[in-house]
Every structure is written in C-alpha cells, then in structure tokens.
Amino acid sequence: MAEILDAADLKVAHASIFDPARMLAFLRGKASDVTYKLKSAVSKVFGLYDAAENLIHIDPSVPLARQTFLKLHEAGHHELPAHKRTFRFFQDCEQTLAPEIADLFEREANNFARFVLFQGQRYAECAADSPMALKTPMGLAKQFGSSIYASCREYARTHHKACVVYVLERISFAEGHGAEAAVRRVEPSPSYINQFGQPADTVITLDHPLGKILPIGRRMTKPTPVVITDLNGDLHECLAEAFDTTWNVLLLVYPVRSLASSTVILNP
C-alpha cells in the first residue's frame, strides 16, 4: 500500500478530520464538496480526496481492512486522468458534478481499488486452486489484505464454478416471526447465473430454504445440505455455510450434484 501511494505522489493525512466540526471547517476552505461524496450526511463519509493538495483523508474509526480499500478508492480518483482533472476543476469553482457522473466516478474508483487490491486475476487464480468453502475467501482476505466482506464478494464474482454469496444484514428477532435477516446484496458467479438465474430474495427467514443456515448464537454454520431448483426446473443438492462478521452475515451456497428432475413425465 505504501509503495502504491508513493508512486502516485499521494499522501494520507495524519490528523483526522472525521468529526463533524473539523469536517465542516475543512469544507469551508473549499469551493465545493471535495469529492462529491457528501450525499446525505457528514457521518456517512469515510474517505475524502483533496485534489489540490494530493492528499486523502480516511476515517480512522473504520476497520483497517476497509481502510485499505478506501485508500485505493481515493487513489483511483487521483490516478484516473479524467477524475483528477475534473476534481481539480470543480474544487476551484462553485459548480458541482452531475449526480449521474459522480456515481459513475465512484464505480470507476471502486473498480480501480478492486483491481489493485486483488492483483488483477491473481485472486481468482488462487481461489480456483483452493477448495470450494467459505474458509477459502476468509483465508484469501488475510493474504490479499482485504476485508472478509470484500473477499467473499470477489470470490463469487470471479469464480469459474457455480456459487453465490449472500450478504445479509445482522440477524434480528421480530415478535411472532422469529429470526430473520434482510438481504443486503447477492453476488452470484457467472456460471451460477447461467444455471440458476439471479436470486431475488429480499429476506432470509427461518422458513426460507436457507433459514437453517443462519448462524444464530454462533459465528459459523458448517456446510449444510440444501436443495435449489435451476432454470430448467431440475433440482440440485447444494451446500450452504455462513459466517457472522458482527457487521453482517455472509452465506456461501454452491451445488455439489444434480438430483432427479422436478418434472414428472407420464407415458400416454
């Protein structure tokens, strides 16, 4: 990380500006919202890029693995030529970037951070050489210096085999409904989409096929058999396992063998 920032001639600010009073004082010295990320509230900003000073600000309260991604994200704004020129221009005037362009810049900076963090295809190659199991992306997170959340998403996004990662909100308990967890994001592999389609689940309850995988009162759930129907209506035995990061719950699901078709054909 230090070598990347040095090569970019970019520094991380030593003094944190991530409290409301210091943040507002910092912004008063700028002509506009420095990185166009103040979308709703100062408390939701975790990183800032100051194009005029070649400086990035990172919220020190964010976990270290997340800070790594944030630094690379802000470095992306600095290194991508269109971003750097645009940021400097808007910092010197009273105009702001159109929201749709700002969102595009955010996605491009995320892709820059992801490519650098996971070393192009290197992560996918390591994952392909390892067992299909939730412990694989958890171990690769340490190897590549990422968060477990980012590693699990990258694992499903780039794996050559069929698998899907569900990112759930923390498990809650509603009276009369039992345990449940809202689906925050679903990351299927390309081959999973081709075989099973894009999952549309919005919440995992105890009645859901994946409900028994929820790690209630424990950090991890061991691989547990579940059955999933593919786009052709055929049944597949899958394994599902889960890990509670304390911030969210990660589920990994992957097929292990085909079962009998769910379609019954009667002879005339």
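Residues numbered from 1 in each chain as written. Predicted model: local features only at pLDDT ≥ 70, side-chain atom pairs only at ≥ 80, totals over all residues. Heavy atoms only, no water.

(A) Quick peek at the pattern of salt bridges. Counted according to the given criterion, the structure contains 6 salt bridges. Here E154 makes a salt bridge to R157, at a shortest N to O gap of 3.2 Å. On the criterion of helical spacing, the pair formed by E154 and R157 is a turn pair, its members being 3 residues apart in helix 8 (residues 148-158). R257 is paired through a salt bridge with E237; the nearest N and O atoms lie 3.0 Å apart. Here R257 is found in strand 10 (residues 249-261), whereas its partner E237 is found in strand 9 (residues 234-244), with 20 residues between them in sequence. (Salt bridge = Lys/Arg side-chain N within 4 Å of Asp/Glu carboxyl O. Helix = DSSP H or I, 4+ residues; strand = E, 2+ residues; numbered from the N terminus.)

(B) Region of interest: the packing of aromatic side chains. Applying the stated criterion to the full structure yields 4 aromatic pairs. A centroid spacing of 4.8 Å and a plane angle of 70° characterise the contact between F118 and Y123, whose relative ring orientation is edge-to-face. Note on Y123: relative accessible area 0%, which makes it buried. An aromatic cluster is defined as three or more aromatic residues linked by ring pairs; in this entry it consists of F118, Y123 and F144. (Phe/Tyr/Trp six-rings, centres within 6.5 Å; stacked < 30°, edge-to-face > 60°. Buried < 20%, exposed > 50% of the residue type's maximum accessible area, 1.4 Å probe, protein only.)

(C) Representation of the side chain of E106 within the structure. Tracing the backbone shows E106 in helix 5 (residues 99-117). Separated by 3.2 Å, the side chains of E106 and H77 make a polar contact. (Polar contact = N/O pair within 3.5 Å; in protein donor to acceptor, adjacent residues only side chain to side chain.)

(D) Examining the environment of A102 more closely. Mapped onto the fold, A102 is located in helix 5. Residues A102 and H83, spaced 19 residues apart in sequence, show a C-alpha to C-alpha distance of 9.7 Å.

(E) Summary view of the nonpolar core. Ranked by internal contacts, the top residues of the largest apolar core, which has 24 residues, are Y123 and L252. Those elements that place two or more of their residues in this core are helix 5, helix 6 (122-128), helix 7 (135-144), helix 8, strand 4 (164-168) and strand 10. Setting aside anything within four residues of it in sequence, one finds Y123 in contact with F118, P137, L140, F144, S151, E154, Y155 and T158. Within the second largest apolar cluster, 23 residues are counted, among which are L168, A179, I228 and V253. (Core = buried A, V, L, I, M, F, W, Y, C linked by side-chain atoms within 4.5 Å. Contact = heavy atoms within 4.5 Å.)

(F) Molecular detail of the environment of P188. Tracing the chain through its elements places P188 in strand 6 (residues 178-188). Given a relative accessible area of 9%, P188 falls into the buried group. Expressed as a C-alpha distance, the spacing of P188 and L252, which sit 64 residues apart in the sequence, is 9.6 Å. With sequence-adjacent residues up to four places away left out, P188 is seen in contact with A156, R157, C163, V164, I193, Q198 and P199.

(G) Here's a closer look at unusual backbone geometry. A positive phi angle, near 55°, is found at Q119, a position not held by glycine. Among the secondary structure elements, Q119 is positioned in the loop between helix 5 and helix 6. Judged by its relative accessible area of 49%, Q119 falls in the partly exposed class. A positive phi angle, close to 80°, is found at T246, a residue other than glycine. Along the chain, T246 turns up in the loop between strand 9 and strand 10.

By themselves, these are just geometric observations and shouldn't be taken as functional.
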